[in-house]
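# Working through the structure, step by step
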Amino acid sequence: MTKTNNHLFFQTLIVPMLLMTALAGNARTAKPNIVIIFADDMGYGDMSCNGHPTIRTPNLDRMAAEGQKWTSFYVAASVCTPSRAGLMTGRLPVRTGMCSGKRRVLFPDSKGGIQSSETTLPEMLKANGYATGMVGKWHLGHLPQYLPVNNGFDSWYGIPYSNDMDANSTKIKEVNKNKHNPGNKGGHWYHPKREYWDVPLMEGEKILERSPDQEQLTKNYTGRAIEFIRANKSKPFFLYLAHSMPHVPLFRSDKFKDISTAGLYGDVIEEIDWSVGQIMQTLRDQGLAENTLVIFTSDNGPWIRFKTLGGIAGPLRGGKGSTWEGGMREPSIFWWPSSIKPGIIHEMGSTLDIIATAASLTGAKLPETQLDSYDLSGTLLKGEPSPRKEMIYYRGTEIYAIRSGSFKAHYKTKLGYKNDLEEHKTPLLFNLDMDPGENYNVAKDHPDVIARIEKLRTQHEAGLTPVENQLEKR
Ligand code: MG
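Residues numbered from 1 in each chain as written. Predicted model: local features only at pLDDT ≥ 70, side-chain atom pairs only at ≥ 80, totals over all residues. Heavy atoms only, no water.

## Some details on the coordination of the magnesium ion
At the metal site, the magnesium ion is ligated by Asp40 (OD), Asp41 (OD), Cys80 (SG), Asp299 (OD), Asp299 (OD) and Asn300 (OD1), and these contacts range over 2.1 to 2.7 Å. Around the magnesium ion sit six donor atoms, and with donor-metal-donor angles ranging over 53 to 157° the site reads as irregular. In primary sequence terms, the donor set of the magnesium ion follows D-D-x38-C-x218-D-N. Of this pair, aspartate 41 sits in the loop between strand S1 (33-39) and helix H2 (58-66) while aspartate 299 sits in the loop between strand S8 (292-298) and helix H10 (325-328), placing them 258 residues apart in sequence. A single burial state applies to aspartate 41 and to aspartate 299, both of which are buried. (Donors = N, O, S within 2.8 Å, 3.2 Å for Na, K, Ca; no water. Tetrahedral: all angles 85-135°; square planar, octahedral: opposite > 155°, others 65-115°. Helix = DSSP H or I, 4+ residues; strand = E, 2+ residues; numbered from the N terminus. Buried < 20%, exposed > 50% of the residue type's maximum accessible area, 1.4 Å probe, protein only.)

Below, the structure written as structure tokens:
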């Protein structure tokens, strides 16, 4: 290159590049922080910005307005353990042994958990120089080798499984004898007290206490999350804040008692929304907002068998436990001021995609294994089409449905917790763009689509290798 050319090069390439950098402000650095806020059993319809008529979620609404709200964002399964395994590994739970049709989640008597051969999201980021902290519910194994601190997190404060586990049956029987409880049966759900559940509250590998005051959980988790952000503000960090709420039994702190016209469930969601506001404010106050990607979503749909103690899936059919949309399509927001292109994204994404997206955004090295993860960074940063074009809906280890583009074929249907399994010789077919509530079966008009989906299924199944089931071990 001659001197003149050099000068030209500077003018034509370097100057615009400098300008572009200046215009982008102090936005993106090579290693942005990542925060995942994960609700437990919150429904698609439980945010104001997704149309809930009475629950108020001003902080989530603001996050959505400033970032991207995704309307077709899926989890890997419609119950806790397999859904969380998918988030942490970017692999369908059928590949990690973390799903079962017999025991759908891990229980206090379980002996299985996430295998050390899996590379988790925090392990990947830690290898890339990140501080990694977790606060809240884990549910990927409670034996020491399976705990968060032995699977990529530097620190963990929270509960190892669901907040309704280690139920104290003597105390629960006692309270349900009381005729004044609604319906007698289930009084412990409607008037929950901490002593009905002996779930442990843990730090690292240590049990701090059994039967913790669950009214303080959301508040305490929030405080711990804020401490973690403050302590790690000078290095890249990954924070996973997995709320125990709104999984039943529902608890909220004093400040949130009877504040929502949506009742106890509304109070609980409004406290989670408050928590989101606290995290966002901390990021702003610490000058971290423009270098932090925050993702909000839920592990599965609303537990509709609990009626008003469960949330709503909005326009979607079904809820927790089922492969109808309401079980697996979640309220989902991505926020990252000055980096994310704000908008509402109708295309598909999944918690399975977070690991590939995180690798792409941070330069981390993806695990060398078969992933089910797409890099969504083009959609987040530039509004490009999502690379995810299909979703496979498992119940336990079985495929119940597959979505390809606008269409979803159901091979089997079953509401979460009822004895109503139906097998469909010709799959039910719904156009989810036109019919998100899955009301109008259009199978007979689209045999070509069914054939295309069938091919996807065959290809997918051919790529599976048997693994030891972790959920059935006890
Ligand atoms: Mg859940």
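## As for the packing of aromatic side chains
A complete count under the given rule lists 18 aromatic pairs for this structure. On the numbers, 5.9 Å between centres and 25° between planes, the contact of phenylalanine 153 with phenylalanine 238 is stacked. Residue phenylalanine 153 is located in the loop between strand S3 (131-136) and strand S4 (155-158), and its partner phenylalanine 238 is located in strand S7 (residues 237-242); the two are separated by 85 residues in the primary sequence. For the residue pair phenylalanine 153 and phenylalanine 238, the accessibility class agrees, reading buried in each case. (Phe/Tyr/Trp six-rings, centres within 6.5 Å; stacked < 30°, edge-to-face > 60°.)

## Details of the pairing of strand S9 (residues 332-335)
Residues Ser332 and Phe334 point to one face of S9 and Ile333 and Trp335 to the other, with burial holding for every one of them. Where strand S2 (residues 68-74) meets S9, three bridges bridge the pair, whose relative direction is antiparallel. Residue pairing for S9: tryptophan 70 is matched across the bridge by serine 332. Note: S8 against S9, three bridges, orientation antiparallel. Each bridged residue has a counterpart across the sheet, and for phenylalanine 296 the counterpart in S9 is isoleucine 333. (Pairing = 2+ DSSP bridges.)

## A look at the side chain of asparagine 50
Structurally, asparagine 50 is set in the loop between S1 and H2. Since its relative accessible area comes to 14%, asparagine 50 is described here as buried. There is a polar contact of 2.9 Å between the side chain of asparagine 50 and the backbone oxygen of tyrosine 44. (Polar contact = N/O pair within 3.5 Å; in protein donor to acceptor, adjacent residues only side chain to side chain.)

## Here's the deal with the nonpolar core
Ranked by internal contacts, the top residues of the largest apolar core, which has 56 residues, are Met63, Phe237, Ile279 and Phe296. With nine residues, helix H9 (residues 263-285) is the largest single contributor of residues to this core. Leave out the neighbours within four places in its chain, and phenylalanine 296 touches Ile37, Ala39, Met42, Met47, Leu60, Met63, Ile272, Val276, Pro331, Ser332 and Ile333. Counting 41 residues, the second largest nonpolar core, distinct from the first, contains Met98, Tyr130, Leu147 and Ala242. (Core = buried A, V, L, I, M, F, W, Y, C linked by side-chain atoms within 4.5 Å. Contact = heavy atoms within 4.5 Å.)

## What about helix H8 (residues 217-231)?
With 15 residues, H8 extends 21 Å from end C-alpha to end C-alpha; this agrees with the ideal 21 Å at 1.5 Å per step. Within H8, burial applies to Leu217, Thr218, Tyr221, Thr222, Ala225, Ile226, Phe228 and Ile229. Buried residues of H8, viewed axially, fall in a sector of 165°; they line one side. The exposed residues of H8 that point more than 90 degrees off its buried face are Glu227 and Ala231. (Expected span 1.5 Å × (residues − 1). Arc of directions from axis to C-beta.)

## A closer look at unusual backbone geometry
Here the bond from methionine 245 into proline 246 is cis, since omega is 0°, no more than 30 degrees from zero. Here proline 246 lies in the loop between S7 and H9. At the junction of valine 248 and proline 249, the peptide bond is cis and its omega measures out at 0° in the coordinates. Mapped onto the fold, proline 249 is located in the loop between S7 and H9. Positive phi outside glycine occurs at aspartate 258, with the angle close to 55°. Tracing the chain through its elements places aspartate 258 in the loop between S7 and H9. Phi at serine 338 takes a positive value of approximately 70°, unusual for a residue other than glycine.

## A look at the sheet that holds strand S13 (residues 407-413)
One open sheet holds the four strands; their spatial order is S11-S12-S13-S14, and the pairing between them is antiparallel. Among the strands making up the open sheet, the edge pair consists of strand S11 (390-395) and strand S14 (422-431). Direction aside, the axes of adjacent strands within the sheet are offset by 20° on average. As paired elements, strand S12 (residues 398-404) and S13 share four bridges and run antiparallel to each other. (Axes fitted to C-alpha atoms, helices over the stretch in contact; angles between N-to-C directions.)

## A few points about helix H3 (residues 80-89)
Within H3, ten of the ten residues are buried, which leaves it mostly tucked inside the rest of the structure. Where H3 is concerned, the buried positions are Cys80, Thr81, Pro82, Ser83, Arg84, Ala85, Gly86, Leu87, Met88 and Thr89. The inward-facing, buried residues of H3 contact S1, helix H4 (93-96), helix H5 (121-126), S7 and helix H11 (354-362).

## Some points on the sheet that holds S9
Taken in spatial order, the ten strands make up an open sheet running S6-S5-S4-S3-S7-S1-S8-S9-S2-S10, and their pairing is mixed. Edge positions in the sheet fall to strand S6 (206-210) and strand S10 (343-350), since each has one partner strand and no second. Taking each pair of neighbouring strands and ignoring which way they run, the sheet shows an average axis angle of 20°. Note: strand S5 (residues 200-203) against S6, four bridges, orientation antiparallel. Across the sheet, the residue bridging to glutamate 203 is lysine 206, located in S6. Sitting on the sheet, H2 is in contact with S2, S8 and S9, with an inclination near 60° to S9. Each of S3, S4, S5 and S7 touches H8; the most contacted strand, S7, lies at about 180° to it.

## Let's talk about the packing of H2 against H9
The contact between H2 and H9 brings their axes to 7 Å, and the two run at 50°. Classified by the angle between their axes, H2 and H9 sit oblique to one another. The residues of H9 that touch H2, namely those facing Pro58, Asn59, Leu60, Arg62, Met63 and Glu66, are Asp273, Trp274, Val276, Gly277, Met280 and Arg284. By residue class, the composition of the contact of H2 with H9 is six nonpolar, two polar and four charged. (Parallel < 35°, antiparallel > 145°, perpendicular 65-115°, else oblique. Nonpolar A, V, L, I, M, F, W, Y, C, P; charged D, E, K, R; others polar.)

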